[in-house]
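# Report on the structure
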Amino acid sequence: MELNSLLHKLFFFLIAIVLVAKVMNWFLDFNSEINTMISATMFSLIGMAYIYTGLFWDKKLIQTIFILCGIFLIGMNFLNETTWISIMAIICLLIPMVIGRISSKDKKELIEQ
């Protein structure tokens, strides 16, 4: 088994565990420490995914945005939660998704032409 394939499976397994933990939190109402740990893990995994995805973009600007957003999502877990950090986290979650959506439409249009 290739290492890259093994890492992908491990990454998706960790995402599945976080998703199950988030759903369980709705029903079991975990204490705040466990909920914070689940959220920190979730944002760290999203940040790692953005960094990994950013490495494959051809355009340097998009690559930089993805990597910086990923680094911020990982790093915000170690900062005190403020309004500005929450706003930046939302922006860092949404911007790469919007770029990915727009870029995938551009690629489809280019293929059709």
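Residues numbered from 1 in each chain as written. Predicted model: local features only at pLDDT ≥ 70, side-chain atom pairs only at ≥ 80, totals over all residues. Heavy atoms only, no water.

Our next topic: the UniProt feature "transmembrane region" (unreviewed entry) in the protein chain. UniProt tags residues 7–28, 34–52, 61–78 and 84–103 as "transmembrane region" (unreviewed entry). With 100% helix and 0% strand, residues 7–28 has its two end C-alpha atoms placed 31 Å apart. Taken as a whole, residues 84–103 contains 100% helix and 0% strand, while its terminal C-alpha atoms sit 28 Å from one another. (UniProt positions renumbered as here; feature names shortened; annotations may be inferred. Helix = DSSP H or I, 4+ residues; strand = E, 2+ residues; numbered from the N terminus.)

So, about the packing of aromatic side chains. Applying the stated criterion across every chain yields a total of four aromatic pairs. Here Tyr 50 and Phe 66 contribute two aromatic rings whose centre-to-centre distance is 5.9 Å and whose plane-to-plane angle is 75 degrees, an arrangement assigned as edge-to-face. Pair noted here: Tyr 50 is in helix H2 (residues 32–54) and Phe 66 is in helix H3 (residues 60–75), with a separation of 16 residues, a long-range link. Since its relative accessible area comes to 11%, Tyr 50 is described here as buried. Pairing Tyr 52 with Phe 56 gives two aromatic rings, centres 5.1 Å apart and planes at 75 degrees, and the pair type is edge-to-face. Under the relative-accessibility criterion, Phe 56 is labelled exposed at 57%. Aromatic ring contacts, followed pair by pair, group Tyr 50, Trp 57 and Phe 66 into a single cluster. (Phe/Tyr/Trp six-rings, centres within 6.5 Å; stacked < 30°, edge-to-face > 60°. Buried < 20%, exposed > 50% of the residue type's maximum accessible area, 1.4 Å probe, protein only.)

Proteins that are soluble and globular tend to have nonpolar side chains buried together. With 13 residues, the main nonpolar core has Phe 43, Tyr 50, Ile 62, Phe 66, Leu 73 and Met 76 as its most contacted residues. Among the secondary structure elements, those contributing two or more residues to this core are H2, H3 and helix H4 (83–112). In contact with Phe 43, not counting residues within four places along its chain, are Leu 73, Met 76, Asn 77 and Leu 93. (Core = buried A, V, L, I, M, F, W, Y, C linked by side-chain atoms within 4.5 Å. Contact = heavy atoms within 4.5 Å.)

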